[in-house]
Amino acid sequence: VNLSLGVNTLIRRYLSLSSENSERGGAAIRLGWEPRQNQRLNLSAGWTRNVEGRGDPESLPPTVTGPRLSNIWEAEARYSHESGRMLYTGDLVWRKYDFLGAANDTRDFTSYQGALTVGTAIGSRFYGTATAYVTKRDFRLLATPLGPDQDQTTFGGRIGISTKERGLIEGRAQIGMFRLN
């Protein structure tokens, strides 16, 4: 069993444009359990106070109000099983995005994501993988006659290559397609 707690912060201060001053931070707790050598269960939960970057496509132009702030709450459960030449992984993720200030109420939403991955060994260090996923975005405010329904569901799939876990270098590359409705 592996239990970890992480805390981070970033404080920005500007000499000539104090409206851009900001504080970002977060905290997370992670629990990892290996019931057998080739099985892993990871649970995590956390909170992040995010500061919108001025380079974001939807960011506000510099004003006296400063960058937008948001709280992001999240929880994740991940199970993986390596069985000889096969890899099986399942992920469930929940995130709640709360953009601060009444002017940003239309941006508040909750996201639910599920993904299943199957892989087969390619040599001693890699897996060829196939992943199917679905993501649901449920916006807090309901649609009105003046505005469209923002709720969205995305279905997708990816194929790729992934390194086996516990190596000096770990990573993956994938390519895929998705459908947004």
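So, here's what we can say about the structure. (Residues numbered from 1 in each chain as written. Predicted model: local features only at pLDDT ≥ 70, side-chain atom pairs only at ≥ 80, totals over all residues. Heavy atoms only, no water.)

Enumeration according to the criterion identifies 8 salt bridges in this entry. Residues Arg13 and Glu23 are paired through a salt bridge, measuring 2.5 Å at the closest nitrogen-oxygen approach. Placement of Arg13 in the loop between β1 (2-12) and β2 (22-33) and of Glu23 in strand β2 is noted, with a sequence separation of 10 residues between them. As a salt-bridge pair, Arg107 and Glu52 come within 3.6 Å of each other at their nearest N and O atoms. (Salt bridge = Lys/Arg side-chain N within 4 Å of Asp/Glu carboxyl O. Helix = DSSP H or I, 4+ residues; strand = E, 2+ residues; numbered from the N terminus.)

What follows is about the environment of Gly157. By secondary structure assignment, the location of Gly157 is in strand β8 (residues 152-163). The exposure class assigned to Gly157 is partly exposed, which follows from its relative accessible area of 28%. For the pair Gly157 and Ile175, spaced 18 residues apart in the sequence, the C-alpha separation amounts to 8.4 Å. Each residue touching Gly157, except ones within four places of it in the same chain, is listed here: Thr131, Ala132, Tyr133, Ile175, Gly176 and Met177. (Buried < 20%, exposed > 50% of the residue type's maximum accessible area, 1.4 Å probe, protein only. Contact = heavy atoms within 4.5 Å.)

Strand order in the open sheet formed by 9 strands is β1-β2-β3-β4-β5-β6-β7-β8-β9, and the pairing between neighbours is antiparallel. What marks the edges here is a single partner per strand, and that holds for β1 and β9 (172-180). Here the average twist between neighbouring strands, direction ignored, is 15 degrees. (Pairing = 2+ DSSP bridges. Axes fitted to C-alpha atoms, helices over the stretch in contact; angles between N-to-C directions.)

Turning next to the environment of Ile169. As for its position among the elements, Ile169 is in the loop between β8 and β9. For the pair Ile169 and Leu15, spaced 154 residues apart in sequence, the C-alpha to C-alpha distance is 41 Å.

Moving on to the packing of aromatic side chains. The full count for this structure, using the stated rule, is 3 aromatic pairs. Taken together, Tyr97, Phe109 and Phe139 form an aromatic cluster joined through their ring pairs. Over the aromatic face of Phe99 sits the side chain of Arg107, whose NZ or CZ is 4.3 Å from the ring centroid. Positioned over the ring face of Tyr127 is Lys164, at 5.1 Å from the centre of the ring. (Phe/Tyr/Trp six-rings, centres within 6.5 Å; stacked < 30°, edge-to-face > 60°. Lys NZ or Arg CZ within 6 Å of the ring centre and 35° of its normal.)

As a further point, take a nonpolar patch on the surface. On the surface, a nonpolar cluster with roughly 860 Å² of combined accessible area is contributed by Val1, Leu3, Leu5, Val7, Ile29, Leu31, Trp33 and Leu43. Elements that contribute at least two residues to the nonpolar patch include exactly β1 and β2. Inspection of the secondary structure assignment puts Leu3 in strand β1. (Patch = residues over 30% accessible without salt bridge, like charges linked within 9 Å, V, L, I, M, F, W, Y side chains within 5 Å. Areas by Shrake-Rupley, 256 points an atom, 1.4 Å probe, with all protein chains shown as cover.)

What follows concerns the nonpolar core. With 5 residues, the main nonpolar core is built from Ile72, Tyr97, Phe99, Phe109 and Phe139. Among residues more than four places away in sequence, those in contact with Phe99 are Leu69, Ser70, Asn104, Arg107 and Asp108. (Core = buried A, V, L, I, M, F, W, Y, C linked by side-chain atoms within 4.5 Å.)

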